[in-house]
Amino acid sequence: MWRGVDLRVVIVVGFVPSALAVLAFLTTSEKLYAAHNGVSALAAYPAGHAGDRGSKLGVLLVGYVLGLAFGLPAAVGCAGVVWLVRFRRASRAAARS
């Protein structure tokens, strides 16, 4: 087992200088895309671990809640979220009366 870990460390250390050299030739949008993919890959490990250890449905629901919590404000803007909350409260009040 440790031999595999050591081999992976050697491979990563061997590729880092060449990967950093490639970064110098990328445009800003390409660097942002690569950073986005890196963050997504890093987020996949704890999510996969949680799914292996517990409820897959629970992990899915947490993912949907986080997606809504961060995606909705980005999609409609903060003012849109305030409007949505007010609309929801108004519809609940109308349903009660």
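Look up a bit, the structure's there.
In this convention, every chain numbers its residues from 1, walking through the sequence in written order. Only residues with pLDDT of at least 70 are given local features in this predicted model, and only at 80 or more are side-chain atom pairs given and counted; all residues enter the totals for whole chains, interfaces and linings. Think of the side-chain values as coming from all heavy atoms in the structure, minus any hydrogens and water.

## Section: the overall build of the protein
Then, number 1: Helix and strand labels come from DSSP, where a helix needs a run of H or I of at least four residues and a strand needs a run of E of at least two; each type is numbered from the N terminus. Counting its secondary structure elements, the protein contains three helices and zero strands.
Then, number 2: Along the protein, from the amino end to the carboxyl end, the secondary structure elements read α-α-α.
Then, number 3: A simple rule labels every residue: compare its accessible area, found with a 1.4 Å probe on the protein chains alone, to the largest value its type can have, and call it buried under 20%, exposed over 50%, or partly exposed in between. Looking at the protein as a whole, 2% of its 97 residues qualify as buried.
Then, number 4: When the accessible surface of the protein is totalled, it reaches about 8500 Å², and 73% of it is carbon and sulfur. Using the Shrake-Rupley algorithm and a 1.4 Å probe, accessible areas are obtained, with residue cover drawn only from the displayed protein chains.

## Here we look at a nonpolar patch on the surface
Then, number 1: For patch detection, residues must exceed 30% relative accessible area and be free of salt bridges, and they are connected within 9 Å for like charges or within 5 Å for nonpolar side chains (Val, Leu, Ile, Met, Phe, Trp, Tyr). One side-chain nitrogen of Lys or Arg within 4 Å of one carboxyl oxygen of Asp or Glu is enough to make a salt bridge. Side chains of Leu72, Val76, Trp83, Leu84 and Phe87 sit close together on the surface and give an oily, nonpolar patch of about 490 Å² of accessible area.
Then, number 2: Structurally, leucine 84 is set in helix H3 (residues 56-96).
Then, number 3: Given the relative accessible area of 37%, leucine 84 is considered partly exposed.

## Topic: the environment of histidine 49
Then, number 1: You can see histidine 49 is positioned in helix H2 (residues 28-53).
Then, number 2: Taking the relative accessible area as the measure of exposure, histidine 49 reaches 46% and is therefore partly exposed.
Then, number 3: Separated by 10 residues in the primary sequence, histidine 49 and valine 59 have C-alpha atoms spaced 9.9 Å apart.

## Things to note about a positive patch on the surface
Then, number 1: Positive charge is attributed to Lys and Arg, negative charge to Asp and Glu, and no charge count is given to His or to the chain ends. Here the site of a charge means atom NZ of a Lys, CZ of an Arg, CG of an Asp or CD of a Glu. Taken together, the side chains of Arg86, Arg88, Arg89, Arg92 and Arg96 make up a positively charged region of the molecular surface.
Then, number 2: Mapping arginine 92 onto the fold places it in helix H3.

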